[in-house]
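Observations on the three-dimensional arrangement
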Amino acid sequence: MPGICQHAGKEIAAVALRAYESGVQAVLLFGIPKSKDEQAREAYAENGVVQNAVRQIKRHAPDLTVITDVCLCEYTSHGHCGVTRRDGEHFHVLNDESVELIAKSAVSHAVAGADMIAPSDMMDGRIGAVRTALDQAGFEQTGIMSYAAKFSSVFYGPFRDAAESPPQFGDRRSYQMDPANADEALREVELDLAEGADIVLVKPALLYLDILWRVRERFGRPTAVYHVSGEFAMVKAAVRDGVLDERAAVLEIMTSLKRAGADFIITYWALELMEWLKE
Ligand code: PBG
Ligand code: ZN
């Protein structure tokens, strides 16, 4: 992903401070652990990479909203978003076992100081489980941004390489949504709101503007959209080839996302965008 890199723990506070000073309202953290295993142990370790980063950021940029992505795929040796069981040719993602570890990860992020937790795994019942776990641990004020309508998409490709988390076998179609099914997306959003999501998110962005619009119209709740790595990479390639003007293209994309109903936009252009918006 051109211009995008992983940050070491010791530089994360400076990066976050720069974001805050440029006017970015919130950051979304993804962790790349030292080691991966079947139980995703580093995902809920007290001194895990995200937990440490949250503490660093909160120490140096206390007013920057810190949202943490919660998923197991960066932490499992096989790269799936949950705990799996294999039998011969087939594998199953174990929903309830996964949800338990996801809730445990969420609490560990809240303990470290995260303002909001963003479960991105798409397991059933995880929003309710995360809400209950946070409340029981005394984190009633910690919010939840649910990746409620996350489609199974080829546009996540560059992220999976950057996050070193491509599935080692099978694919994610058993838990991510079918791009052809809009009704399922609306049902998932409704369920997540009922389970306690504060913000619902649609992902990817430009190919799913119809979903974004319908979610915002139907539920009238805070809605976010994630302009994903493949969508970013497409524009970057066009810019590199001299066929698009980056600033103009990005401003038009962001305008479209707002117009379609986004209250929040997650984008890899956040820092540059803040500069462009000031011009
Ligand atoms: C992992 C996760 C993914 C993205 C965000 N969190 C990849 C996936 O689900 O395969 C994609 C982000 C992007 O493409 O920019 N749960
Ligand atoms: Zn995942």
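Parameters at a glance
- Residues numbered from 1 in each chain as written.
- Chains lettered and ligands numbered in written order.
- Predicted model: local features only at pLDDT ≥ 70, side-chain atom pairs only at ≥ 80, totals over all residues.
- Heavy atoms only, no water.
- Salt bridge = Lys/Arg side-chain N within 4 Å of Asp/Glu carboxyl O.
- Helix = DSSP H or I, 4+ residues; strand = E, 2+ residues; numbered from the N terminus.
- Buried < 20%, exposed > 50% of the residue type's maximum accessible area, 1.4 Å probe, protein only.
- Axes fitted to C-alpha atoms, helices over the stretch in contact; angles between N-to-C directions.
- Parallel < 35°, antiparallel > 145°, perpendicular 65-115°, else oblique.
- Left-handed = near helix turned anticlockwise from the far one by under 90°.
- Contact = heavy atoms within 4.5 Å.
- Nonpolar A, V, L, I, M, F, W, Y, C, P; charged D, E, K, R; others polar.
- Donors = N, O, S within 2.8 Å, 3.2 Å for Na, K, Ca; no water.
- Tetrahedral: all angles 85-135°; square planar, octahedral: opposite > 155°, others 65-115°.
- Phe/Tyr/Trp six-rings, centres within 6.5 Å; stacked < 30°, edge-to-face > 60°.
- Near = heavy atom within 4 Å.
- Polar contact = N/O pair within 3.5 Å; in protein donor to acceptor, adjacent residues only side chain to side chain.
- Areas by Shrake-Rupley, 256 points an atom, 1.4 Å probe, with all protein chains shown as cover.
- Expected span 1.5 Å × (residues − 1).

**Things to note about the pattern of salt bridges**
- If you walk through the whole model with that rule in mind, you get 11 salt bridges.
- Two residues, lysine 58 and aspartate 115, come together in a salt bridge whose shortest N-O distance is 2.8 Å. Taken together, the residues lysine 58 in helix α2 (residues 49–60) and aspartate 115 in the loop between α3 (95–112) and β5 (116–119) connect sequence positions 57 residues apart.
- On the accessibility criterion, aspartate 115 (30% relative accessible area) is partly exposed.
- The partner of aspartate 241 in a salt bridge is arginine 240, with the nearest N and O atoms 3.4 Å apart.

**Quick look at the packing of α2 against α3**
- Taken N-terminus to C-terminus, the directions of α2 and α3 make an angle of 25 degrees; their axes are 8 Å apart at the nearest point. Accordingly, the angle class assigned to the pair α2 and α3 is roughly parallel. α3 is crossed by α2, and the crossing has right-handed handedness. Contacts between α2 and α3 involve Val50, Gln51, Val54 and Arg55 from the former and Ser108, His109 and Ala112 from the latter.
- Across the contact of α2 with α3, the residue classes break down as three nonpolar, three polar and one charged.

**Observations regarding the coordination of the zinc ion (ligand 2)**
- The protein atoms that coordinate the zinc ion (ligand 2) are Cys71 (SG), Cys73 (SG) and Cys81 (SG), at distances of 2.2 to 2.3 Å.
- Around the zinc ion (ligand 2), the four donor atoms are arranged such that angles at the metal cover 98 to 122 degrees; this shape is classified as tetrahedral.
- Sequence spacing of the donors to the zinc ion (ligand 2): C-x1-C-x7-C. You'll find cysteine 71 and cysteine 73 in the same group, each marked buried.

**Thoughts on the packing of aromatic side chains**
- Tallied over the full model, the rule gives six aromatic pairs.
- Where tyrosine 147 meets tyrosine 226, the ring centres are 6.2 Å apart and the plane angle is 45 degrees; that geometry is what we call tilted. Note that tyrosine 147 is positioned in strand β6 (residues 143–150) and tyrosine 226 in strand β8 (residues 223–226), a separation of 79 residues in sequence. Residue tyrosine 147 shares its accessibility class with tyrosine 226, and that shared class is buried.
- Here a set of aromatic residues connected by ring pairs shows up, and it is made of Tyr147, Tyr226, Phe232, Tyr268 and Trp269.

**Overview of the side chain of lysine 203**
- Along the chain, the position of lysine 203 falls in strand β7 (residues 199–203).
- When sequence neighbours within four positions are dropped, the list of residues in contact with lysine 203 reads Tyr147, Ala149, Lys150, Phe151, Tyr156, Tyr226 and Val228.

**What about the site of ligand 1?**
- Residues in contact with ligand 1 amount to 17 residues; listed here are only the nearest, Lys150, Arg160, Arg172, Ser229 and Tyr268.
- Glutamine 176 places a polar side-chain atom, nitrogen or oxygen, 2.9 Å from an oxygen atom of ligand 1.
- Contact distances for ligand 1 include 2.7 Å between an oxygen atom and a side-chain N or O atom of serine 229.
- Summarising the interface, the protein chains cover 100% of the accessible area of ligand 1, which totals 400 Å² for the free molecule.
- Along the lines of polarity and charge, the residues of the shell around ligand 1 split into nine nonpolar, three polar and five charged.

**A word on helix α8 (residues 229–240)**
- The terminal C-alpha atoms of α8, which comprises 12 residues, lie 16 Å apart, in line with the 16 Å expected from a rise of 1.5 Å per residue.
- Along α8, the residues that are buried comprise Ser229, Gly230, Glu231, Phe232, Val235, Lys236 and Ala238.
- Positive phi shows up at glycine 242, right after α8, with a value of about 80 degrees.

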